[in-house]
Amino acid sequence: MGMTETQNRLEKLVDHGFERIATYPEAEMSFKPSSEKWSKKEILGHLIDSAINNLQRFTTIQFATKPFKIDSYGQCDLVVSNDYQNSNTSELLEFWKAINVRIMHVISLQNENTLNHKIVLTNGESSDLKFLMQDYVDHLEHHLNQILA
């Protein structure tokens, strides 16, 4: 899959997700199936954290020493510390869309050279920026499907 397809796929997912989630009542977004499970609102928050971290990765790799080492981030801790559960869904949704529009722009700037920037994943495996960008969209789709289910 080329980057134009990746960018278009991301745009479709974000547009569709934004339209659908905007219609959900706050009570549905806040409902927690159990104390260990995230609410739809917390999943949306996790997608924001993922976008923040990946935008940082996608841009920093342009000038950082290669191979660029991907650091993990405390996903659960971020959801709690950002207090997504008690946040306004429309504010989260607007931020999620805006940061993904920025990511789409960054994806559009890449070329064959930059897409081949080498990275080391958190599991120690080698890959490249192209994989990281495509994986970001796969991850977003997975969690968006959880929200929309």
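The structure this text deals with has already been given above.
Parameters at a glance
Residues numbered from 1 in each chain as written. Predicted model: local features only at pLDDT ≥ 70, side-chain atom pairs only at ≥ 80, totals over all residues. Heavy atoms only, no water. Helix = DSSP H or I, 4+ residues; strand = E, 2+ residues; numbered from the N terminus. Rg over C-alpha atoms; globule rule 2.2 N^0.38 Å. Contact = heavy atoms within 4.5 Å. Buried < 20%, exposed > 50% of the residue type's maximum accessible area, 1.4 Å probe, protein only. Salt bridge = Lys/Arg side-chain N within 4 Å of Asp/Glu carboxyl O. Axes fitted to C-alpha atoms, helices over the stretch in contact; angles between N-to-C directions. Parallel < 35°, antiparallel > 145°, perpendicular 65-115°, else oblique. Nonpolar A, V, L, I, M, F, W, Y, C, P; charged D, E, K, R; others polar. Lys, Arg positive; Asp, Glu negative; His and termini not counted.

A.B. asks: Break down the overall build of the protein for me, citing the residues and quoting the values.
C.D. replies: Along the backbone of the protein there are seven helices and three strands. Tracing the protein from N to C terminus, the helices and strands come up as α-α-α-β-α-α-α-β-β-α. Computed over the C-alpha atoms, the radius of gyration of the protein is 16 Å, within 12% of the 15 Å expected from 2.2 N^0.38 for a compact globule of 149 residues. Once the C-alpha set of the protein is aligned to its principal axes, its extents read approximately 45 × 30 × 20 Å. The long-range share in the protein, meaning contacts at least 24 apart out of those at least 6 apart in sequence, stands at 76%.

A.B. asks: Explain the side chain of Thr89 to me, and be specific about the residues and the numbers.
C.D. replies: The residue Thr89 is located in helix H5 (residues 89-108) in this model. Given the relative accessible area of 4%, Thr89 is considered buried. If we ignore the near neighbours within four places in the chain, the residues touching Thr89 are Ile21, Glu26, Met29, Lys41 and Leu44.

A.B. asks: Now, about the pattern of salt bridges: what can you tell me, with residues and values included?
C.D. replies: In the structure shown here, the tally under the stated rule is five salt bridges. A salt bridge links Lys40 to Glu28; its shortest N-O distance comes to 3.0 Å. Taken together, the positions of Lys40 in helix H3 (residues 40-60) and Glu28 in helix H2 (residues 26-30) put the pair twelve residues apart, joining distant regions of the chain. Residue Glu28 is classed as partly exposed on the basis of its relative accessible area of 33%. One network of salt bridges, with partners in common, ties together Arg9, Asp138 and Glu141.

A.B. asks: Account for the environment of Asn53, naming residues and giving values.
C.D. replies: Along the chain, the position of Asn53 falls in helix H3. Overall, Asn53 belongs to the partly exposed group, its relative accessible area being 22%. Sequence-wise, Asn53 and Lys69 are 16 residues apart; in three dimensions their C-alpha atoms are separated by 13 Å. Ignoring sequence-local partners within four residues, the contact set of Asn53 consists of Tyr73 and Leu78.

A.B. asks: If you had to explain the environment of Arg20 to someone new, which residues and values would you point to?
C.D. replies: Considering the arrangement of structural elements, one finds Arg20 in helix H1 (residues 3-21). Owing to a relative accessible area of 32%, Arg20 belongs among the partly exposed residues under this scheme. Along the chain, Arg20 and Ile147 lie 127 residues apart, while their C-alpha atoms are 9.6 Å from each other.

A.B. asks: Give me the lowdown on the packing of H3 against helix H7 (residues 129-148), citing residues and values where you can.
C.D. replies: One way to put it is that H3 packs onto H7 with a least axis distance of 10 Å and a crossing angle of 170 degrees. As summarised for this structure, H3 and H7 are arranged roughly antiparallel, according to the angle between their axes. For the pair H3 and H7, the contacting residues are Lys40, Ile43, Leu44, His46, Leu47, Ser50, Ala51, Asn54, Arg57 and Phe58 in the first and Leu129, Leu132, Met133, Tyr136, His139, Leu140, His143, Leu144, Gln146 and Ile147 in the second. Class assignment for the residues of the contact of H3 with H7 results in twelve nonpolar, six polar and two charged.

A.B. asks: Please set out the side chain of Asp128 residue by residue, giving values where relevant.
C.D. replies: Mapped onto the elements of the fold, Asp128 is located in strand S3 (residues 126-128). Despite its burial, Asp128 pairs with no opposite charge; the closest candidate is Lys118, at 4.4 Å N-O.

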